[in-house]
Amino acid sequence: MEEAILEIIAALDAGKAVDAVWLDKLVRRHNRAAHDGTRQVAKRRLLPYYLRVRAEEPARWASWNVSEATDAALVRLLQAKPRRTASGVATITVLTKPWACSGACVFCPSDIRMPKSYLSDEPACQRAERCWFDPYLQVAARLRALTDMGHVTDKVELIVLGGTWSDYPEAYQRWFIGELFRALNASDEERTRTAAERRAWYEEQGLPREREELARSTAAIQQRINTGEVGYNEAWRLVYGDRETSAPMAELSWDDLFALHRVNEAAGKRVVGLVVETRPDLVTEQSCRDLRALGCTKVQVGIQSLNDDLLAANGRAITSARIAQALALLRRYGFKSHIHFMVNLLGATPESDLADYRRLVTDPAFLPDEVKLYPCCLVESARLTDCFEAGRWRPYTEEELVGVLVDDVLATPPWTRISRMIRDISATDILAGNKKTNLRQIVEAAVEQSGALVQEIRSREISVEGAEVDDLALETIVYQTATTEEHFLQWVTPAGKIAGFCRLSLPDWRALERGSSDSRASYPPEGHCGLPAPGEAMIREVHVYGKVAALHRTGEGTQHLGLGRKLVEEACAQARAAGYTVLNVISAVGTRAYYRNLGFEDAGLYQKRPLS
Ligand code: SF4
């Protein structure tokens, strides 16, 4: 392994054209040289080996004489899945423990090993199950995996999945989020030690984590769910009702959590975004305040459709009017909205889907920031199987599905990002519906063939190739929602690629007051909340793309070039020009110090900067 690394270093130092093909040849050559047929060098092991020597054997690493430039080039060459951190941060997805949901949607999977709506074959679910759904262990495992793949992990977006967040008990929510922060705040040694202690605790309790064993122990009850004999919630009570399914859960007060937040402000791995998912009918003033107190910055909301007939037919028990109210509330509290929207629901047609999505992206009552476009597919445990068998639902043909998705992509405005087009459901779990994991590529190829202009964010991101800062221009797109005037400020290249953006919300206070659903005081107490008052504007997001640059190292990509600061200054100027006197920012815990440097002061759940 060392010989191979030294050869790569020498080639980089000599300025040779070193790429993936060259690397493959090098690996093959070293393995052939072993003569005994054993694989001495594996490509995926090179980077972990190099990083381990760099971290744990400084004398040996020093003897390799690696310059800073060669170090960066070597990591780039050996890095697996560079897109993982291409959007500017390292994403860590974690799952909450199995839990019932108060919804009853016909298409929703019911896997008793998972929180409602998730399937144990999905990659994030497998990882969570191997960690007993323990938040600390999940973060520790992902950090280790990302580091082994060569990714910088000093800026982390935490995505908390697991059905409906607001259905979990408040104490569990606080503990879960607190453990995520605790794991990120720890030193590498401390995290490794604590993770080992945790694993030992679960093993002592005899709690299984092996897939085969879990499948065996839940097979009978899962069969009863699949045949419709019991619903997920009832099965959940039978399996978990009286036993703690996760962790030595310690009581964590709000003050304890805030103390963990404060440590993270200066930690080596800072939380620059925290996302949870919930249902629109559970978005209230109360839940928004609680989410903000937890440190949340973005909310994933399962909307699925805006067609009231379709919503009812699919057991959603919610109307488009309530969805509009939820989105207005999220905007008022400064959250980014990440919408789940489903194609091919029970009762839908390709034509109705097109109209539905167009309404989502043009009606001022909605206009989400991000969208996951999931085609509905049939899994054994969903109630949709009865409809399928009765001939009341059929999956779209590939042509129909691609046609709808192409139209959706083309209808998406430049301030909205389509983050996904399929769910990670394994093909073996899908009884009917799309099984192609490359559906997005098929859609993108069709879009390209159409020659039409694509405006949505993801297809314009500069990604791993970076951008030349002098070529960037700052543009503003203004659009109206039912309760705000939104200014989408974007750095764009001459080719129209996006290198960064800022979402500035200028509230229409009279409209907001009309839409307010409740004004109960809870946590945080009134007066401490710092919820923007009339005359105050809100920055909901600042995002600069490019490869992640380590917090205290510069020299790569478009971050650390002042692009974020310029976006914020321009947002201040535009808010001031529109007559607002204060600008709030919904900062993540790990970005508070950054905003203090830009003149913002801590004010309850937000940070504020006077504009006078
Ligand atoms: S609300 Fe979400 S988790 Fe609950 S049943 Fe419906 S789709 Fe499933």
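Refer to the preceding data block for the structure.
Asker: Looking at this structure, how should I read the overall build of the protein chain?
Answerer: When its secondary structure is counted, the protein chain shows 22 helices and 16 strands. For the protein chain, with 612 residues in total, the buried portion stands at 46%. Within the protein chain, contacts between residues separated by at least 24 positions form 77% of all contacts whose residues are at least 6 apart in sequence.

Asker: Would you explain the nonpolar core in this entry?
Answerer: Where a protein is soluble and globular, its nonpolar side chains tend to be buried together. Counting residues in each nonpolar core, the largest one holds 156 residues, and the members touching the most others are Leu405 and Ala571. Every residue in contact with leucine 405, bar those within four places of it in the chain, is listed here: Val343, Leu373, Met421 and Val443.

Asker: When you look at the site of the ligand in this model, what are you seeing that I'm missing?
Answerer: In the region of the ligand, the neighbouring residues are Cys101, Gly103, Ala104, Cys105, Cys108, Lys116, Ser117, Gly163, Thr164, Arg279 and Gly302. For the shell around the ligand, a count of residues per class yields four nonpolar, five polar and two charged.

Asker: I'm lost on the packing of helix H3 (residues 43–56) against helix H5 (residues 68–78) in this one. Help?
Answerer: The angle between the axes and the distance between the axes are what describe a pair of packed helices. Close contact between H3 and H5 brings their axes to 9 Å; oriented N to C, the two are set at 150°. Judged on the interaxial angle alone, H5 and H3 are roughly antiparallel. For H3 against H5, the interelement crossing comes out left-handed. Mapping the contact onto sequence places Leu46, Leu47 and Tyr50 in H3 and Leu74, Val75 and Leu78 in H5. For the contact of H3 with H5, the per-class residue count stands at six nonpolar, no polar and no charged.

Asker: Help me understand the sheet that holds strand E5 (residues 336–343) in this model?
Answerer: In a beta sheet, neighbouring strands are held together by backbone hydrogen bonds and run either parallel or antiparallel to one another. The seven strands are arranged E1-E2-E3-E4-E5-E6-E8 in an open sheet whose pairing can be described as parallel. Both outer strands of the open sheet, strand E1 (90–95) and strand E8 (417–420), are each paired with one neighbouring strand and no more. For this sheet the average axis-to-axis angle between neighbouring strands, irrespective of direction, equals 25°. Of the strand pairs in this sheet, strand E2 (residues 155–161) and strand E3 (residues 270–278) are connected by five bridges, and their pairing is parallel. Paired with lysine 155 across the two strands is arginine 270, which belongs to E3.

Asker: Explain helix H18 (residues 398–411) to me, please; I cannot follow it from the model alone.
Answerer: In this model, H18 (14 residues) spans 20 Å end to end at C-alpha, consistent with the 20 Å of a helix rising 1.5 Å per residue. Leu401, Val402, Val404, Leu405, Val406, Asp408 and Val409 are the residues of H18 that are buried. Where H18 is buried, its residues touch E5, helix H16 (350–362), strand E6 (370–375), E8 and helix H19 (439–450).

Asker: I tried to follow the environment of serine 67 on my own but got confused; where do I start?
Answerer: Note that serine 67 resides in the loop between helix H4 (58–64) and H5. Looking at serine 67, the number of C-beta atoms within 10 Å reads 11, which means it is exposed.

Asker: Explain the pairing of strand E12 (residues 498–507) here, please?
Answerer: Burial within E12 is extensive, with 10 of its 10 residues counted as buried. Pairing geometry for strand E11 (residues 484–492) and E12, over nine bridges, is antiparallel. Across the sheet, residue valine 492 finds its bridge partner in E12, namely isoleucine 498. Between E11 and E12, which pair antiparallel one after the other, the connecting turn spans five residues, and glycine 496 there sits at a positive phi close to 85°.

Asker: How should unusual backbone geometry be read in this particular structure?
Answerer: Glycine aside, negative phi is the norm for most residues, and most peptide bonds take the trans geometry. In this structure, asparagine 65 takes a positive phi of about 60° despite not being glycine. Using a count of 11 C-beta atoms within 10 Å as the deciding quantity, one classes asparagine 65 as exposed.

Asker: I'm lost on the sheet that holds strand E16 (residues 606–610) in this one. Help?
Answerer: Taken together, the seven strands give an open sheet; going across it, the order is E10-E11-E12-E13-E14-E16-E15, and neighbouring strands pair in mixed fashion. Taken across any chain shown, the strands that pair with only one partner, and hence form the sheet edges, are strand E10 (473–480) and strand E15 (601–603). Across the sheet, the mean angle separating the axes of adjacent strands is 30° when strand polarity is ignored. Where strand E14 (residues 582–585) meets E16, four bridges bridge the pair, whose relative direction is antiparallel. Among the inter-strand pairings, valine 582 is bridged to a residue of E16, identified as proline 610. The sheet strands contacting helix H21 (residues 563–577) are E10, E11, E12, strand E13 (536–544), E14 and E16, and the helix crosses E12 at an angle near 25°.

The rules we used
Residues numbered from 1 in each chain as written. Predicted model: local features only at pLDDT ≥ 70, side-chain atom pairs only at ≥ 80, totals over all residues. Helix = DSSP H or I, 4+ residues; strand = E, 2+ residues; numbered from the N terminus. Buried ≥ 20, exposed ≤ 12 C-beta atoms within 10 Å, placed from the backbone. Contact = placed C-beta atoms within 7 Å. Core = buried A, V, L, I, M, F, W, Y, C linked by C-beta atoms within 7 Å. Near = placed C-beta within 6 Å. Nonpolar A, V, L, I, M, F, W, Y, C, P; charged D, E, K, R; others polar. Axes fitted to C-alpha atoms, helices over the stretch in contact; angles between N-to-C directions. Parallel < 35°, antiparallel > 145°, perpendicular 65-115°, else oblique. Left-handed = near helix turned anticlockwise from the far one by under 90°. Pairing = 2+ DSSP bridges. Expected span 1.5 Å × (residues − 1).

Limitation: the analysis is restricted to geometry and does not speak to function.
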